[in-house]
Amino acid sequence: MREQLRTDLRVSLKQKRRGFAKGWYKFSRNLLSVLGLVILILIVLAALLAPYITPYPEHAKPYTNFKDAGKPPSTEHFFGTDRVGRDIFSRVIFGYRFSLTIGVVVLSLGVAPGVILGLIAGYHKGTWIETVIMRITDIFLAVPPLVLALAITAMLKPNLTNQMMAIALVWWPWYSRLVFALASSLRNEYFVREAELTGASKLHIMLKEILPNCLAPVMTKMTLDMGIVILLGATLSFIGLGVQPPKPGLGTMVAEGSKRLPGEWWGAIFPALAIVVVILAFNLVGDGLRDVFAVEEV
Amino acid sequence: MTDTILVVDKLKKYFPTKRGTVKAVDNISFSVATGETIGLVGESGSGKTTTAQCVIGIYPPTDGEILFKGQTISEAFSKRSKALKRDIRIVFQDPGSSLNPKRSIKQILSVPLKVHRVATKKDHLTKIKSLLAMVELPPDEYMYKYPQAIGGGEKQMVAIARALATNPSFVLLDEPTSALDVSVQGKIINLLMKLQQDLNLTYLFITHDLSLMRNVASRVAIMYLGKLCEIAPTVEFFQNPTHPYTKMLLSAIPVVSQEEKALKPTKIASRGEIPSPVNVPSGCSFHSRCSEKMDMCAQDDPVMVEIGEGHVTRCHLYQDTKVAASIEQEEGVHAQDPVDQPRGDG
Amino acid sequence: MKQNMSPLLDVRDLSVGFKIFEGYLSVLNGVELTLGEGERVGLVGETGCGKTTTVKSILRVLPMPPARIAGGEIFYRGKDILKMKRREVQTLRRMELTAIFQDPLMSLNPVFTVGTQLRDIVKDSLGASGKKLTKKQITARCIEALKETGMPDPERIMSNYPIQLSGGMRQRVCIAEALSTTAQLLLADEPTTNLDVTIQDQILRKLDELVEEKNTSVLMITHSLGVVMDLTQRLYIMYAGTMVEEGQTEELFARPLHPYSQGLMKSVPKLTGEGVSDGIPGRIPNYLDPPAGCRFHPRCEHTMPICQTEKPPLFNVENGRHVACFLYRS
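Predicted model, so just to flag it, every value in this text is computed and none were measured.

The rules behind the values
Residues numbered from 1 in each chain as written. Chains lettered and ligands numbered in written order. Predicted model: local features only at pLDDT ≥ 70, side-chain atom pairs only at ≥ 80, totals over all residues. Helix = DSSP H or I, 4+ residues; strand = E, 2+ residues; numbered from the N terminus. Rg over C-alpha atoms; globule rule 2.2 N^0.38 Å. Buried ≥ 20, exposed ≤ 12 C-beta atoms within 10 Å, placed from the backbone. Contact = placed C-beta atoms within 7 Å. Pairing = 2+ DSSP bridges. Axes fitted to C-alpha atoms, helices over the stretch in contact; angles between N-to-C directions. Domains from an automatic or database assignment. Nonpolar A, V, L, I, M, F, W, Y, C, P; charged D, E, K, R; others polar. Left-handed = near helix turned anticlockwise from the far one by under 90°. Core = buried A, V, L, I, M, F, W, Y, C linked by C-beta atoms within 7 Å. Expected span 1.5 Å × (residues − 1). pLDDT = per-residue confidence, 0-100. Arc of directions from axis to C-beta. Parallel < 35°, antiparallel > 145°, perpendicular 65-115°, else oblique.

### Points about the overall build of chain B
1) Next: Helices and strands together make up the secondary structure of chain B, namely 13 helices and 12 strands.
2) Next: Here the C-alpha atoms of chain B give a radius of gyration of 21 Å, agreeing with the 20 Å that 2.2 N^0.38 yields for 346 residues.
3) Next: For chain B, buried positions account for 54% of its 346 residues.
4) Next: Restricting to contacts in chain B with at least 6 residues of sequence separation, those with at least 24 account for 64%.

### Section: the overall build of chain C
1) Next: A tally of regular secondary structure across chain C gives 11 helices and 12 strands.
2) Next: Radius of gyration (C-alpha) of chain C: 21 Å, near the 20 Å computed for a compact globule of 330 residues.
3) Next: For chain C, the proportion of its 330 residues judged to be buried stands at 49%.
4) Next: For chain C, contacts bridging at least 24 residues in sequence account for 64% of all contacts bridging at least 6.

### Some points on unusual backbone geometry
1) Next: Across the junction of P245 of chain A and P246 of chain A, the peptide omega takes the value 10°, indicating a cis bond.
2) Next: Residue position: P246 of chain A is located in the loop between α10 (215-238) and α11 (250-258).
3) Next: Following L261 of chain A, the chain continues to P262 of chain A via a peptide bond in cis, the omega torsion being -10°.
4) Next: Despite not being glycine, E136 of chain B has its phi angle at roughly 60°, a positive value.
5) Next: Secondary-structure assignment places E136 of chain B in the loop between α5 (121-134) and α6 (139-142).
6) Next: Although it is not a glycine, E190 of chain C adopts a positive phi angle of roughly 50°.
7) Next: Tracing the sequence through the fold places E190 of chain C in the loop between β7 (185-189) and α8 (197-214).

### Concerning the sheet that holds strand β3 (residues 37-41) of chain B
Residues and elements named next belong to chain B.
1) Next: Spatially, the 8 strands line up as an open sheet ordered β6-β7-β8-β3-β9-β10-β12-β11, and their pairing is mixed. Among the strands making up the open sheet, the edge pair consists of β6 (88-91) and β11 (305-308). Each strand of the sheet is rotated relative to its neighbour by a mean of 20°, with strand direction disregarded.
2) Next: Of the pairings in the sheet, the one linking strand β7 (residues 170-174) to strand β8 (residues 202-206) comprises 5 bridges and is parallel in character. By the bridge assignment, F170 is partnered in β8 with T202.

### Digging into the domain arrangement of chain B
Residue and element names in this part refer to chain B.
1) Next: Domain annotation of chain B identifies domain 1 (4-69 + 169-331) and domain 2 (97-167).
2) Next: Listed as interface residues are 11 residues of domain 1 and, on the opposing side, 9 residues of domain 2.
3) Next: Residue contributions to the side of domain 1 that touches domain 2 peak at 6 residues, all from helix α8 (residues 182-199).
4) Next: Tallied by class, residues from the side of domain 1 that touches domain 2 come to 9 nonpolar, 1 polar and 1 charged.

### Brief notes about the environment of A165 of chain B
All names here are of chain B.
1) Next: Looking at where A165 falls in the secondary structure, it is placed in the loop between α7 (152-164) and β7.
2) Next: Residues A165 and G57, spaced 108 residues apart in sequence, show a C-alpha to C-alpha distance of 19 Å.
3) Next: Setting aside anything within four residues of it in sequence, one finds A165 in contact with L109, P112, L113, V118 and L131.

### What to know about the packing of helix α4 (residues 88-123) of chain A against helix α7 (residues 160-186) of chain A
1) Next: Taken N-terminus to C-terminus, the directions of α4 of chain A and α7 of chain A make an angle of 35°; their axes are 5 Å apart at the nearest point. Once α4 of chain A is placed against α7 of chain A, the crossing between them reads as right-handed.

### Some details on the domain arrangement of chain C
Residues and elements named next belong to chain C.
1) Next: Here the domain parsing of chain C yields domain 1 (9-96 + 183-328) and domain 2 (109-182).
2) Next: Measuring from the centre of the C-alpha atoms in domain 1 to the corresponding centre in domain 2 gives 30 Å.
3) Next: Of all elements in the fold, only α2 (86-95) and α8 reach the threshold of two or more residues within the side of domain 1 that touches domain 2.
4) Next: Counting residues per element, the side of domain 1 that touches domain 2 draws most heavily on α8, which supplies 7 residues.
5) Next: Looking at the side of domain 1 that touches domain 2 residue by residue, the classes come out as 9 nonpolar, 3 polar and 3 charged.

### As for the interface of chain A and chain C
1) Next: With 4 residues of chain A in contact, the opposing surface of chain C contributes 5 residues.
2) Next: When grouped by side-chain class, the residues that make up the side of chain A that touches chain C number 2 nonpolar, no polar and 2 charged.

### Structural notes on the nonpolar core
1) Next: In terms of nonpolar packing, the biggest core is built from 261 residues, with I167 of chain A together with A161 and L204 of chain B touching the most fellow members.
2) Next: Looking at which element gives the most residues to this core, the answer is α4 of chain A, with 16 residues.
3) Next: If we skip the residues at most four places from it in the chain, A161 of chain B touches L109, L131, L132, M134 and V135 of chain B.

### Some details on α8 of chain B
1) Next: When the terminal C-alpha atoms of α8 of chain B are compared, their 26 Å separation across 18 residues agrees well with the 26 Å that a helix rising 1.5 Å per residue should span.
2) Next: For α8 of chain B, the set of buried residues is V182, S183, V184, Q185, G186, K187, I188, I189 and L192 of chain B.
3) Next: Residues of α8 of chain B that are buried sit in contact with α7 and α9 (210-216) of chain B together with α11 (259-267) of chain C.
4) Next: N200 of chain B lies just past α8 of chain B and shows a positive phi near 50°.

### Structural notes on the interface of chain B and chain C
1) Next: Counting residues at the interface gives 37 residues for chain B, matched by 35 residues for chain C.
2) Next: The set of elements that each furnish at least two residues to the side of chain B that touches chain C consists of α8, α9, α11 (244-251) and α12 (258-263) of chain B.
3) Next: The leading source of residues in the side of chain B that touches chain C is α8 of chain B, at 8 residues.
4) Next: Residue classes in the side of chain B that touches chain C are distributed as 15 nonpolar, 13 polar and 9 charged.

### Digging into the confidence of the model for chain B
All names here are of chain B.
1) Next: Of the residues in chain B, 92% have a pLDDT of 70 or more, and the chain-wide mean is 85.
2) Next: pLDDT under 50 marks residues 323-328. Its contacts with residues more than four places away, or in other chains, come to 11 contacts.
3) Next: Low confidence marks residues 330-346, where pLDDT is under 50. Its contacts with residues over four positions away, or in another chain, come to 44 contacts.

### Some remarks on the pairing of strand β9 (residues 219-224) of chain B
Residue and element names in this part refer to chain B.
1) Next: For β9, a buried count of 6 out of 6 residues is recorded, marking the element as mostly surrounded by other parts of the structure.
2) Next: Because side chains alternate across β9, one face comprises the buried residues R219, A221 and M223, and the other comprises V220, I222 and Y224, equally buried.
3) Next: As defined by bridge partners, β9 adjoins strand β10 (residues 227-233) across 6 bridges and the pair is classed as antiparallel. By the bridge assignment for β10, M223 is matched with L228.
4) Next: Between β9 and β10, which pair antiparallel one after the other, the connecting turn spans 2 residues, and L225 there sits at a positive phi close to 50°.

### Regarding the sheet that holds strand β5 (residues 71-72) of chain B
Residue and element names in this part refer to chain B.
1) Next: Read across the open sheet, the 4 strands follow the order β2-β1-β4-β5; overall the sheet is antiparallel. A strand with exactly one partner marks an edge of an open sheet, and here the two such strands are β2 (20-33) and β5.
2) Next: In this structure, strand β1 (residues 4-17) lies alongside strand β4 (residues 63-68), joined through 5 bridges in antiparallel fashion. Bridge pairing in β4 places V8 opposite I66.
3) Next: Across the face of the sheet, helix α1 (residues 48-56) comes into contact with β1, β2 and β4 while running at roughly 65° to β2.

### Quick notes on helix α2 (residues 31-48) of chain A
Residues and elements named next belong to chain A.
1) Next: Its 18 residues place the ends of α2 26 Å apart at the C-alpha level, agreeing with the 26 Å of an ideal helix rising 1.5 Å per residue.
2) Next: Regarding α2, the residues found buried are S33, G36 and L40. The buried residues of α2 occupy an angular sector of 55° when the element is viewed end-on, so they sit on one face. Every exposed residue of α2 that faces more than 90 degrees away from the buried side is listed here: L31, I41, L42 and L45.

### Considerations on the environment of S261 of chain C
Residue and element names in this part refer to chain C.
1) Next: Residue position: S261 is located in helix α11.
2) Next: Judged by the 23 C-beta atoms lying within 10 Å of it, S261 falls in the buried class.
3) Next: Taking the C-alpha atoms as reference, S261 lies 21 Å from D13; in sequence the two are 248 residues apart.
4) Next: Not counting residues up to four positions away in its chain, the partners in contact with S261 are I237, V244, E245 and P256.

### Some thoughts on the environment of M151 of chain C
Residues and elements named next belong to chain C.
1) Next: Position of M151 among the secondary structure elements: in the loop between α5 (135-148) and α6 (154-158).
2) Next: For M151, a count of 23 C-beta atoms within 10 Å corresponds to the buried category.
3) Next: Those residues within four positions of M151 in sequence are excluded, and the remaining contacts are L146, I157, M169 and R172.

### Here's the deal with the packing of helix α6 (residues 145-155) of chain A against α10 of chain A
All names here are of chain A.
1) Next: Where α6 contacts α10, the two axes come as close as 11 Å, and the packing angle between them is 50°. One element, α6, and the other, α10, form an angle in the oblique class. The two elements α6 and α10 cross, and the hand of that crossing is right-handed. Residues P145, L146, A149 and T153 of α6 form the contact with α10, whose own contacting residues are L232, T235 and L236.

Spelled out as structure tokens, the structure:
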């Protein structure tokens with residue numbers, strides 16, 4: 001029996017490796033997606049290693065040095081300095097930490113409940129269970145994401161944690177709807193019918209038969225969503241309801257820097273560009289992923 | 001006297017839709033003996049698939065009864081006992097979608113074993129291997145494969161193995177080889193026949209391929225727009241068709257040899273489109289396409305009459321044959337002795 | 001094979017492959033096919049033998065990145081289709097070639113009525129031949145075309161959407177579309193596979209009448225032997241990317257020569273009720289690593305050493321009969 005488990009594991013690892021190699025092949029045919037992936041990896045590494053690779057790590061913490069304030073981009077300060085003398089480049093790298101954290105946490109919090117609810121609703125399509133779940137989903141979807149997130153953060157203390165919770169609350173319905181659509185059509189497939197006729201439990205059918213067939217679109221969406229979530233986080237920070245100064249959130253920095261436009265343009269433009277780059281990277285990777293998961297016909 | 005394993009009595013299945021009621025199955029009755037292969041044939045809208053779906057429990061009947069081994073099974077699926085789900089199994093038509101593409105064959109086959117506790121977890125593996133061996137697929141090679149990696153014929157073999165995993169007594173085969181190439185079909189059909197002998201199975205075999213039916217079924221029933229037109233033992237069905245629809249269908253079969261051409265009934269040109277089941281013609285539903293139509297056909301719906309040994313037909317042309325037509329409808333047709341297999345005898 | 005005139009369509013030694021992740025799929029392996037003017041030829045082969053790839057090559061609709069023409073020519077009226085420029089190919093598709101496919105629901109645009117689609121084609125083909133017609137005349141032509149296919153109530157059908165029609169009716173629309181053009185060559189790829197037997201019968205008979213009338217050349221591709229029996233004069237049997245046998249339809253059915261053809265004929269269940277043969281042992285080859293020599297040799301009971309190394313050409317066995325098998329070498 002243990003012997004069998006080992007064989008099982010060995011075979012499944014081999015299959016997963018092959019699947020991965022094939023996936024990479026398909027992904028790498030898109031040069032732009034590969035570019036996006038490279039940029040993404042660089043950003044993630046930079047964010048992780050921020051304290052060690054930035055020229056002025058201490059500028060990410062409360063720091064003032066009015067002597068160096070308002071300096072334009074130079075070899076010492078790649079992105080220039082802001083109005084209290086902090087190096088913008090270092091702060092941008094640290095700022096990526098917040099952005100990526102927001103993305104990861106929000107999706108972790110929001111995707112799972114959305115997927116589960118969508119799965120249950122899709123499988124029970126036509127019953128009151130579906131109605132209840134999907135109408136609640138509809139209610140959340142009816143409110144524009146930004147407005148809802150605003151409302152929630154405004155009620156609570158504005159900080160990173162609450163910001164993340166607010167966006168997560170706004171985000172789950174999209175997954176619920178996606179998985180609902182997938183699950184309700186999968187439900188009519190012969191292999192699901194067969195499992196039902198055999199007498200398999202509903203739990204088995206939802207988790208083992210339907211869910212594995214929903215994962216690919218969900219993962220693609222998650223990748224594409226990272227960009228939007230980051231943008232939403234930056235927006236909340238921009239209006240003061242997210243990352244609070246003096247912390248180096250990218251949106252926060254844009255807000256501060258925009259007061260100095262157009263004269264000291266570097267204060268706003270570089271953080272904004274940083275946001276654009278990370279979103280673009282995620283989108284390119286997401287597009288590539290979509291091709292990877294696309295069913296091919298020969 | 002052989003046992004009757006399944007009795008379908010005045011079965012009706014209607015689907016209410018926006019455009020009207022679809023009378024998918026409209027008052028059919030027949031019975032099946034243990035160990036026989038009853039063939040159900042018909043074109044789109046005939047109701048053959050819906051009939052199978054009612055038997056297996058996908059739909060509860062709108063009216064009428066289904067008795068399996070003497071017990072009524074026609075209530076809602078949720079009321080079906082686990083033992084029943086173990087005993088009646090189905091093999092679907094499309095091998096492409098009857099196996100979950102995200103699960104390996106080992107995982108697929110372990111589901112019925114787990115649900116019905118056919119073997120303990122430890123013995124699952126041995127059982128799966130023996131199932132694969134039973135359908136002549138090398139177990140070690142196929143256990144870990146995913147459906148996309150194997151051909152259509154092999155997928156159907158897995159579907160058959162899955163159906164037989166619970167040691168059932170009755171198997172519904174809904175066009176099991178229609179999606180497959182002819183060179184692969186034979187192996188599967190012969191496998192099914194062999195398994196039927198070895199495991200004493202009863203089959204309800206649905207197909208539109210009459211040439212295949214000729215070689216597989218012991219009795220054939222033909223349906224049109226939800227009603228049974230004719231039921232007869234196979235040889236009789238092909239040599240002596242009585243219902244005009246049967247004749248039309250038989251004469252339309254594409255065959256490959258002159259020998260076979262000679263066996264077909266005189267060419268009755270197919271006419272007309274199959275009416276929609278929402279809009280069934282009045283009287284005998286076939287009258288709009290029938291070449292032997294009489295005046296009464298548009299008014300009255302004929303009843304089943306027995307015109308030979310185990311041979312019944314539902315057509316005004318044969319209404320004179322008086323064998324208590326109404327009683328016949330009451331009790332359903334009696335099953336033919338299954339020893340009378342069509343293979344080998346011309 | 002008609003010796004008196006050069007063929008309308010002449011596929012010579014066509015080889016086509018696909019580059020995929022796992023390697024290179026060598027699908028078509030030297031396909032040879034000819035079709036004369038007014039001829040009705042069948043192409044029979046099972047799933048994966050390359051018949052659809054052949055059709056797509058003729059129409060030049062293969063997606064060229066994964067697909068690659070590894071060799072050969074396709075001559076239409078003496079000009080190589082594979083070497084034509086895009087403009088020429090478009091004209092070819094518009095004026096000379098026409099096709100019917102297996103799934104009419106995919107061939108018809110779901111958001112336009114039958115009338116709109118049919119008028120589009122009729123207008124285009126009539127316009128191309130220089131005639132200028134009024135809308136009424138075009139519509140009348142369309143209705144006539146539908147009537148010719150045996151469509152009941154054609155006037156009403158004109159304003160229906162494809163989804164409102166039955167499978168058989170949709171296929172009739174496709175036939176009407178296909179035969180309303182000036183095209184001389186009809187490629188029919190499994191046109192009746194999805195249809196009920198009685199409808200299939202009707203449609204095939206109608207198709208037979210129509211092509212007879214218009215003297216259209218037809219290449220009928222199918223996996224169903226029964227279908228080609230009545231409709232075609234000459235037949236090709238295809239296996240794993242090559243033609244293995246060719247001959248007059250009736251002759252071939254009565255006396256199949258290639259081991260694969262023989263196996264195929266045996267596999268078809270017969271009305272005589274003699275039971276079902278086990279089919280042909282083995283599987284179709286993996287195109288990533290196809291067998292050397294004759295691609296059928298691993299499944300053939302008459303394999304000889306030469307079969308494993310050399311690909312048999314189509315030997316001329318007797319008048320018009322060709323078999324790609326070393327058993328018939330002399």
